[in-house]
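As a plain string of letters, each chain reads:
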Amino acid sequence: MTLPTPILHTERLLLRPFADADADDLFALQSNAEVLRYWDSPPWTERAQAARFLDGCQRMADEETGARVALARKSDGEFLGWCTFNGWNPDFRSASLGYCLAQSAWGSGYATEAARVLLDWAFDNLNLNRVQSETDTRNMASARVLEKLGFVREGTLREDCIVNGDVSDSWIYGLLRRDWIQSAGRCT
Ligand SMILES: CC(C)(COP(=O)(O)OP(=O)(O)OC[C@H]1O[C@@H](n2cnc3c(N)ncnc32)[C@H](O)[C@@H]1OP(=O)(O)O)[C@@H](O)C(=O)NCCC(=O)NCCS
């Protein structure tokens, strides 16, 4: 069995499966220290990490644990980053949401736009009841994205991550199916 990675459209974005040709853009994104400053692992230093990530996309589909999509701007085809559902648990009907966008794309509403259509797809196709997301407590932009989508901050994971010796707390956010349906995801 596989979980086919979806192709989704928004007004400005195409969400599509990753291709090998994305490796250079992906490496540029994940090796950028500013982009990764609140990430739970250090910036990439080796191109092989991009290859492993791309292999991981296929493995997620094959093992039915989630779906990772590349984000491309429709107007010019520019690779903007990616969005993911991972840790899908069909018994619990839960999964986790994550995203990473290139710095040049920040502040235009792209992350919220992409996550919204991916949430629609996931609630419809995976029969989810709960989606979870965690973010560094210093990452106000990510927290704001989650809150615009209707996620509720449920708590703090103290000293959750240690990256290069830097200890950080995380907020844990949850979004329930009934809240998503009620808001129809239109809660900006
Ligand atoms: C977090 C991230 C995905 C946001 O992407 P984006 O496309 O800029 O997000 P959006 O434009 O949809 O929304 C960002 C919101 O955060 C707000 N924001 C940005 N920086 C902020 C800050 N320092 N303090 C408070 N709010 C902030 C924006 O004003 C916007 O809210 P608004 O629509 O009410 O004005 C992007 O910055 C990113 O990829 N960062 C690096 C990777 C990362 O941290 N991923 C998340 C890991 S949990």
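Everything below is about the structure printed above this text.
Residues numbered from 1 in each chain as written. Predicted model: local features only at pLDDT ≥ 70, side-chain atom pairs only at ≥ 80, totals over all residues. Heavy atoms only, no water.

1. Quick notes on the packing of aromatic side chains
With the rule as written, the count across this model stands at six aromatic pairs. With centroids separated by 6.1 Å and ring planes inclined at 55°, the aromatic side chains of phenylalanine 18 and phenylalanine 79 adopt a geometry described as tilted. With phenylalanine 18 in the loop between strand E2 (13-16) and helix H1 (23-30) and phenylalanine 79 in strand E4 (residues 79-89), this pair connects stretches of sequence that are 61 residues apart. By relative accessible area, phenylalanine 18 is classed as buried at 14%. Centre to centre, the rings of tryptophan 39 and tryptophan 82 are 5.9 Å apart; their planes meet at 75°, and the pair counts as edge-to-face. Highlighted residues: tryptophan 39 in the loop between H1 and helix H2 (48-63) and tryptophan 82 in strand E4, separated in sequence by 43 residues. Since its relative accessible area comes to 26%, tryptophan 39 is described here as partly exposed. You can call tryptophan 82 buried: its relative accessible area is 6%. Linked through ring pairs, Phe18, Trp39, Trp44, Phe53, Phe79 and Trp82 together constitute an aromatic cluster. Between arginine 68 and the ring centre of phenylalanine 53, over which it is positioned, the NZ or CZ distance is 3.9 Å. Over the aromatic face of tryptophan 171 sits the side chain of arginine 153, whose NZ or CZ is 3.6 Å from the ring centroid. (Phe/Tyr/Trp six-rings, centres within 6.5 Å; stacked < 30°, edge-to-face > 60°. Helix = DSSP H or I, 4+ residues; strand = E, 2+ residues; numbered from the N terminus. Buried < 20%, exposed > 50% of the residue type's maximum accessible area, 1.4 Å probe, protein only. Lys NZ or Arg CZ within 6 Å of the ring centre and 35° of its normal.)

2. What to know about the layout of surface pockets
Empty space within the largest pocket amounts to approximately 1,200 Å³. Looking at the largest pocket, it is lined by 45 residues, and the ones nearest its centre are Trp39, Tyr99, Cys100, Asn139 and Ser142. Sorting the residues of the lining of the largest pocket by element identifies H2, E4, strand E5 (94-101), helix H3 (110-125), strand E6 (130-136), helix H4 (140-148), strand E7 (152-163) and strand E8 (166-176) as the ones contributing at least two each. Within the lining of the largest pocket, the residues separate by chemical class into 20 nonpolar, 17 polar and eight charged. A volume near 190 Å³ is recorded for the second largest pocket. Considering the residues around the second largest pocket, the lining is formed by Thr5, Pro17, Phe18, Ala19, Asp20, Leu54, Asp55, Cys57, Gln58, Ala61 and Arg68. Ranked by residue count, the leading element in the lining of the second largest pocket is H2, at five residues. Partitioning the lining of the second largest pocket into residue classes produces six nonpolar, two polar and three charged. (1 Å grid on protein atoms, 1.4 Å probe; cavity = no way out; pocket = protein on both sides within 12 Å on 5 of 7 lines; lining within 4 Å. Points joined across faces, edges and corners; volume = space filled by probe spheres on them. Nonpolar A, V, L, I, M, F, W, Y, C, P; charged D, E, K, R; others polar.)

Taken by themselves, the reported measurements are silent on function.
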